[in-house]
Amino acid sequence: MERKGPETVAEAIRRGLTLRCPMCSGEAMFEGLIWMRRSCGRCGFHYERGPGYFLGSTYINYGLTVLFTTWTWILCRFVWGVGRWALIPGLAIFSVIFPVVFFRYARSLWLSIDCCLDRQGSMEERGG
Ligand SMILES: [Zn+2]
């Protein structure tokens, strides 16, 4: 099966949010809630690009968590005048739960965007 990575970053984000292979969009990257397959069963693309590869996905996860909590804080506190002790418990819980829920999406987005920006590297055979 011929592999064709995402052509634009917008397409990479769209493919990443589907949690499917970024090269063929054919197969789900994850089995169940947490376990990521080693490679795509349809096109053979290896998801694990190398040791520590998915460390970069934590930047997406952390960045979005900080962005959401910061903007929620600014909006609620300074625009709508919500008290800080009404905000802190909710945002603290959000900051713990969101990264866990978004874990799969962060990995999928990281891989898909990398396939878009590093076309040559993403075509190399890896894994085993
Ligand atoms: Zn595939």
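Residues numbered from 1 in each chain as written. Predicted model: local features only at pLDDT ≥ 70, side-chain atom pairs only at ≥ 80, totals over all residues. Heavy atoms only, no water.

The chain appears in an unreviewed UniProt entry as DUF983 domain-containing protein from Planctomyces bekefii.

Caption draft 1: How the structure looks around the pattern of salt bridges. Within this structure, the stated rule accounts for 5 salt bridges. In this structure, the salt-bridge partner of arginine 119 is glutamate 7, at a minimum N-O distance of 3.8 Å. Taken together, the positions of arginine 119 in helix H4 (residues 119-123) and glutamate 7 in the segment before helix H1 (9-17) put the pair 112 residues apart, joining distant regions of the chain. Classification of arginine 119 as partly exposed rests on a relative accessible area of 32%. Residue glutamate 27 is joined to arginine 37 by a salt bridge in which the shortest nitrogen-to-oxygen separation is 3.7 Å. (Salt bridge = Lys/Arg side-chain N within 4 Å of Asp/Glu carboxyl O. Helix = DSSP H or I, 4+ residues; strand = E, 2+ residues; numbered from the N terminus. Buried < 20%, exposed > 50% of the residue type's maximum accessible area, 1.4 Å probe, protein only.)

Caption draft 2: Looking closely at the packing of helix H2 (residues 57-79) against helix H3 (residues 84-117). Remark: H2 packs on H3, axes separated minimally by 8 Å, with the N-to-C direction vectors making an angle of 150 degrees. By the criterion of interaxial angle, the relationship of H2 to H3 is roughly antiparallel. Along this stretch, H2 crosses H3, giving a crossing that reads as right-handed. Each residue belonging to the contact of H2 with H3 can be placed in one class, and the counts come to 16 nonpolar, 6 polar and 3 charged. (Axes fitted to C-alpha atoms, helices over the stretch in contact; angles between N-to-C directions. Parallel < 35°, antiparallel > 145°, perpendicular 65-115°, else oblique. Left-handed = near helix turned anticlockwise from the far one by under 90°. Nonpolar A, V, L, I, M, F, W, Y, C, P; charged D, E, K, R; others polar.)

Caption draft 3: Region of interest: the coordination of the zinc ion. For the zinc ion, every protein donor is listed as Cys21 (SG), Cys24 (SG), Cys40 (SG) and Cys43 (SG), and the spread of their distances is 2.2 to 2.3 Å. Written as a sequence motif, the donor residues of the zinc ion are C-x2-C-x15-C-x2-C. In this pair, cysteine 24 is assigned in the loop between H1 and strand S1 (30-31) and cysteine 43 in the loop between strand S2 (35-36) and H2, connecting sequence segments 19 residues apart. Like cysteine 43, cysteine 24 is buried. (Donors = N, O, S within 2.8 Å, 3.2 Å for Na, K, Ca; no water.)

Caption draft 4: Looking closely at the environment of asparagine 61. Of note, asparagine 61 is situated in helix H2. For the pair asparagine 61 and valine 9, spaced 52 residues apart in sequence, the C-alpha separation works out to 17 Å. Sequence-distant contacts of asparagine 61, that is, excluding residues within four places in its chain, are made with Phe98, Pro99, Phe102, Phe103 and Ala106. (Contact = heavy atoms within 4.5 Å.)

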